[in-house]
Every structure is written in structure tokens, then in C-alpha cells.
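# Analysis of the macromolecular model
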Amino acid sequence: MTGVKPAVVLDNRFARELPELAVEWQAEAAPSPRLLVLNDALALELDLDPAWLRSPDGVGLLLGTVLPDGAKPVAQAYAGHQFGGYVPRLGDGRALLLGELVDTGGQLRDLHLKGSGRTPFARGGDGLAVVGPMLREYIVSEAMHAMGIPTTRSLAVTATGRGVLRETPQPGAVLARVAASHLRVGSFQYAAAYGRATGTTDLLRRLADHAIARHHPGAATADNPYLALFEAVVTGQAELLARWMLVGFIHGVMNTDNMTISGETIDYGPCAFMEAYDPATVFSSIDHGGRYAYGNQPAVAEWNLARFAETLLPLIDEDSERAVASATDALAGFRTRFQEAWLAGMRAKLGLPEDVSHEQASGLVEELLKLLLAGRVDYTSFFRDLAQAARGDAGPVRNLFAEPEAFEDWLTRWRAFGPAPDTMDRVNPVYIPRNHLVEEALAAATGGELEPLDDLLEAVSAPYDVRPGLQRYAQPAPPDFGAYRTFCGT
Ligand code: AMP
Ligand code: MG
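Residues numbered from 1 in each chain as written. Chains lettered and ligands numbered in written order. Predicted model: local features only at pLDDT ≥ 70, side-chain atom pairs only at ≥ 80, totals over all residues. Heavy atoms only, no water.

## Description of the domain arrangement of the chain
Quick note on the threshold: Domain delimitation in this document rests on an assignment produced automatically or drawn from a domain database.
Taken domain by domain, the chain comprises domain 1 (13-181) and domain 2 (352-419). Distance from the C-alpha centre of domain 1 to the C-alpha centre of domain 2: 42 Å.

## Concerning the UniProt feature "active site" (unreviewed entry) in the chain
Heads up, the condition is: UniProt positions are given in the numbering used here, feature names are shortened, and annotations may be inferred rather than shown by experiment. Where helices and strands are cited, they refer to DSSP runs of H or I of at least four residues and of E of at least two residues respectively, numbered from the N terminus. Residues are treated as being in contact if the distance between any of their heavy atoms lies within 4.5 Å.
In the UniProt entry, the feature "active site" (unreviewed entry) is given for Asp257. Mapped onto the fold, Asp257 is located in the loop between β10 (249-250) and β11 (272-273). Ignoring anything within four residues of it in the chain, the contact list for Asp257 reads Tyr78, Ala79, Gly80, His81, Gln82, Leu90, Arg184, Gly186 and Asp267.

## Section: the coordination of the magnesium ion (ligand 2)
Quick reminder of the rule: Because water is not among the atoms used, a metal site may look incomplete, as its donors are only the N, O and S atoms within 2.8 Å, or 3.2 Å for Na, K and Ca. Exposure classes here rest on a 1.4 Å probe applied to the protein chains alone. A residue is buried below 20% of its type maximum, exposed above 50%, and partly exposed in between.
On the protein side, the magnesium ion (ligand 2) has Asn258 (OD1) and Asp267 (OD) as donor atoms, found 2.0 to 2.2 Å from it. Comparing Asn258 with Asp267, the two get one shared label, buried.

## Regarding unusual backbone geometry
A positive phi angle, close to 65°, is found at Asp47, a residue other than glycine. Examined against the element boundaries, Asp47 turns out to sit in the loop between α2 (40-45) and α3 (50-53). A positive phi angle, close to 45°, is found at Arg376, a residue other than glycine. Tracing the backbone shows Arg376 in the loop between α11 (358-375) and α12 (379-390).

## A few points about the site of ligand 1
The line we're drawing: For this purpose, a residue is taken to be near a molecule or strand whenever a single non-hydrogen atom of the residue falls within 4 Å of it. Think of a polar contact as two N or O atoms within 3.5 Å of one another; within protein, one of them needs to be a possible hydrogen donor and the other a possible acceptor, and neighboring residues in sequence only count if both atoms come from side chains. In short, Shrake-Rupley with a 1.4 Å probe defines the accessible areas, and a residue's cover is counted only from the protein chains shown. Residue type decides the class: Asp, Glu, Lys and Arg count as charged, Ala, Val, Leu, Ile, Met, Phe, Trp, Tyr, Cys and Pro as nonpolar, and the leftover types, Gly among them, as polar.
Around ligand 1, the surrounding shell holds 16 residues, and the nearest of these are Gly91, Gly93, Asp126, Gly127 and Asn258. The separation between an oxygen atom of ligand 1 and a polar side-chain atom of Arg123 is 3.2 Å. For ligand 1, an oxygen atom lies 3.1 Å from a polar atom in the side chain of Asn258. Relative to its unbound accessible area of 480 Å², ligand 1 is 82% covered by the protein chains. Partitioning the shell around ligand 1 into residue classes produces four nonpolar, six polar and six charged.

## Concerning the side chain of Arg214
Structurally, the position occupied by Arg214 is in helix α7 (residues 202-215). At a separation of 2.8 Å, a polar atom in the side chain of Arg214 contacts the main-chain carbonyl oxygen of Ala180. Leaving out residues up to four positions away in the same chain, Arg214 has contacts with Arg13, Glu100, Leu108, Arg109, Asp110, Ala180 and Ser181.

## Section: the UniProt feature "binding site: Mg(2+)" (unreviewed entry) in the chain
Following the UniProt record, one finds the feature "binding site: Mg(2+)" (unreviewed entry) at Asn258 and Asp267. Relative to the elements of secondary structure, Asn258 occurs in the loop between β10 and β11. Ignoring sequence-local partners within four residues, the contact set of Asn258 consists of Arg184, His251, Val253, Ile266 and Asp267. Tracing the chain through its elements places Asp267 in the loop between β10 and β11. Once residues within four sequence positions are removed from consideration, Asp267 is found in contact with Lys114, Glu137, Arg177, Arg184, His251, Asp257 and Asn258.

## What about the packing of helix α6 (residues 185-198) against α7?
Which entries qualify depends on this criterion: Think of each axis as a best-fit line through the C-alpha atoms, taken over the contacting stretch in the case of a helix, with angles from 0 to 180 degrees between the N-to-C directions. Just so you know how the angles are binned, under 35 degrees is roughly parallel, over 145 roughly antiparallel, 65 to 115 roughly perpendicular, and the rest oblique.
Put simply, α6 and α7 touch, their axes get as near as 8 Å, and they point 155° apart. When the axes of α6 and α7 are compared, the pair comes out roughly antiparallel. For the pair α6 and α7, the contacting residues are Ser187, Phe188, Ala191, Ala192 and Tyr194 in the first and Leu203, Leu204, Leu207, Ala208 and Ala211 in the second. A breakdown of the residues in the contact of α6 with α7 according to their chemical character gives nine nonpolar, one polar and no charged.

## Considering the nonpolar core
To keep things clear, this is the line we draw: By convention a nonpolar core is built from buried Ala, Val, Leu, Ile, Met, Phe, Trp, Tyr and Cys residues, the set being connected through side-chain atoms within 4.5 Å.
Among the nonpolar cores identified, the biggest contains 106 residues, and Phe188, Phe382, Leu386, Trp410 and Trp414 are the most heavily contacted of them. Broken down by element, this core gets its largest block of residues, 15 residues, from helix α8 (residues 225-247). Each of domain 1 (13-181) and domain 2 (352-419) contributes no fewer than three residues to this core. Judged by nonpolar contacts, the second largest core, of 29 residues, contains Leu36, Val438, Leu450 and Leu453.

## With respect to the pattern of salt bridges
Let me state the cut-off plainly: For this analysis, a salt bridge means a side-chain nitrogen from Lys or Arg found within 4 Å of a carboxyl oxygen belonging to Asp or Glu.
As enumerated under the stated definition, the model contains 34 salt bridges in all. With its nearest N and O atoms 2.6 Å apart, the salt bridge here joins Arg206 to Glu20. Of the two residues, Arg206 sits in helix α7 while Glu20 sits in the loop between α1 (13-17) and β1 (22-24), which places them 186 residues apart along the sequence. Since its relative accessible area comes to 25%, Arg206 is described here as partly exposed. A relative accessible area of 26% places Glu20 in the partly exposed class. Salt-bridge contacts for Asp202 lead to Arg206; the nearest nitrogen and oxygen are separated by 2.7 Å. Within this pair, Asp202 and its partner Arg206 are both found in helix α7, separated by four residues, close to a single helical turn.

As C-alpha cells, then:
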């Protein structure tokens, strides 16, 4: 096609190396495109010119309708366990991998669209996405990135000008997303099933080699590269889950097709941040059993990794008993690594000096969580207010507790350790995408008013730095906001 800045080079390595997992496909035309939000900083990181991305051709790239020569967009095949039930064929029903870009740091990154029209994987779906949920993914993924949590990134959301029927008619939109890759546990489940059906592990092996090359190159030289790949993914996910738990993030739909091999958070659907601390917190309207509740997330990740391990068994060892034994050992590393990462993170959140022992720190954390639960204390505010207590002003943190007596005793013991408030403020966000603020921004943007979105993005893009005028972004939802519900029907 013409008119595209020649510097945009999209490779199609995934499609080339794994054709069985790639269906060549085109994005649907948009009747009346309007760029709603563009991530200039990310564009520059990708060596894309933000001014050009705002031009008609640039917007065409963000919609997948104007492509550089040689680009070969594909819908990716994958399977997955959804709420524990296996679905052999999911795949990109409304998404496309446009191709891979090399960023300014030399890393290969996927450029991917969500909401770009029906594909052969669409099943009953319309292939579309709407403004609210795509902006939700943009806000939350960029907030996660700003907190240093591995995640896919959001490059742009473009309104298509097409009306999309949900419970009510909604404005359609396409999200342009960037990821280290879109390889999922579900990709391996698909390849493993394909192997069982065709009697060869050839595709599975190529997929594993592709994953090793892109994400865990160290595994290539290990004695057992596929076991090393599994170990690396276990470690990455254990660390990721610890990061989620430390900031109160609830993914909401941790199906195996929503778990990456790269260790990035992916597929922001009914996700939300917990306010009052409670491990049983669930926001998703379809999660009736609380399978993906805040406190269940590490166990679910471990369960998903067991499903991943099952796919790799034929590559790990031709003797299936030995393969199971090796994989089981490696999976046991999840709990250890998660606990380590989580406790290290909690120590930092509490500003505990290094000479505080492991036992002392664990005890302190355990008791604190009981107090936060009993008091239904706002999790995010607590740690910032606690740092103020270390500076001598315990008033705000005391005020978070309706009955501060029990907390008083904990506070005295914590203070005796000599906590470092500046360290705390570097790891405890003051601005997170709070549910009422996200809803406010999405409702306004759906109605065409983008200022609340821009303001919220500005607040969460520098989550640790208190700035004047942003007080309302640091506050929990007002009581009249009520119980929060999120939806998958995006
Ligand atoms: P998600 O909940 O976004 O992780 O999606 C789960 C599966 O449903 C994936 O295979 C999606 O491609 C597919 N899907 C979700 N919404 C739609 C839609 N509106 N049209 C087609 N496929 C969809
Ligand atoms: Mg998904």
C-alpha cells in the first residue's frame, strides 16, 4: 500500500515460524475513525513518529487498514481453560497480530489490534470492541507499567465511528497494543493437542523454541532447554503474581489463554484494583464462585502453570514418568519464588530495614493483614499514610481504622524497627486507577468528552509522586459508589 512512512517495518516472524497457529486475515474498515488517545512515549520507544501516527495513514496503521509493504496480519490460534473448563479452539476472535517491530532498545515487540473485526475464531462474537473497555485496558495497563509491573502496553485507542450492539448501543473502538509477544499458556495447549492429533511434536517444539528465543534465551543452552523454559516461566509468573498482590490488582479472568509465556500481564477485561483489603474481593460479574478472587490469584497461577507443564511433558523427557517428576519439581518452585518475592515486596512496602529477620517480618505482615481485613481499610491509602507515621504524623493512618486500639499495638512494634518512609514512598503508589475514577473517565469518553481520561492517565502515569491538585485521585470511592461490578462482555 502507498502513503505509509517507509520506516515502519513489520516483520511476520510468528506467522513464518508457526504457520499452523496463524490465519492470515485483514482488519475491517472503519467508517469514521477518530483517534481518542495515543501513547507518544511508547510510540517513540517503538521508533514510530507520534505526529505521523496522528495522520490519516498513521491512524490507518492503528486500525490495521493501512499497512506497510510485506506486512501479513494474522489471527492467532490458541486453546484455553476458561473458569477451569477446557476449550480446544479459542484464538483471536476479534484481534490481529499486525506483526513484530524492533524497538529502540533492539527488542522485538508485537503490534496487535483488539476489536478489528470478526476472524475465523470469532464463534458467535461480532469481532468488535467498544470505547469503554478498550480505554479501560489502556488506563490500567499503562498504570501497571508506570508501577514497574510487567505488562502489555497500550499504544492507542481509535474510535471507529461504527455503532456496536452490547446491552445498549456503544461506540466501536480498536485498541492497538504492544507486547513482548502474545504467546500464552493456551498457545501451548493448542500446539500440544495438535501434536496428539497428528502424532508429532514438531509444532510444539517449534513453538517452544520460538518462546525460548524471544523470552528466555538462557534456556537454549541448558541441559534440558524445555524444562529450563518451564522453570523460567514459573519464575516470571511467580514474580508477576507477587507484584499484582502487592498493589491489590485483581485480573478477574485468569484463564490459561490469558496467561503469557513472557511474564507480562495480558488481557485487561474485568480487572480492577481492590480498595478495602479483603482476599475474597471479586469484581467480575461472571465470577460467581470467586475463582479469580484477589486472594486466589497465586493458586490459580500455579494451576495454570500445571496446565502449561502438561503441554511440555513430551519435550521434557521421552519417558513420561521422568518428565512428570521433573515438571513437578520445577512447579514446586512457584510457591517458594512467590513467597520470596511477595515478602521482599512487603518488607519494602513497610520500609523494614535489612536487619529485621524473616520471622519478624512475616509475623508483622501477617498481623497487619488481619487488622486491615478486620478494619476494611483502604489498601492503597494505608501504606502512604503509614509512611507519614514513620515521619512522626500517625494521625492519618490511625483515622483509617474505625477501632484504632488493636492497630496501635502493631504500630508501636513496627515503629520500633526504624522503618524508612522514603523507601516506602518509592514502592507504594499514591495514584492507582480507582474504580470510580475509571468509570467516570470511561463514561465521559464514551460520550465524547476526553478530559477526565487524560487527567486520570496523567495521575496514574507517575503513581508515586504526590502532586498538587490531584488529591481526588488518591481517595477511595465515595460510599454512594456502592459495590463495584465489572464485565467481560467487552
Ligand atoms: P477475552 O475474554 O478477551 O480473553 O476473550 C476470550 C475469547 O473470546 C478470545 O478467543 C476472544 O477472541 C473471544 N472474543 C471475545 N469477545 C469477542 C467478540 N466480540 N467477537 C469475537 N470474539 C470475541
Ligand atoms: Mg483473552
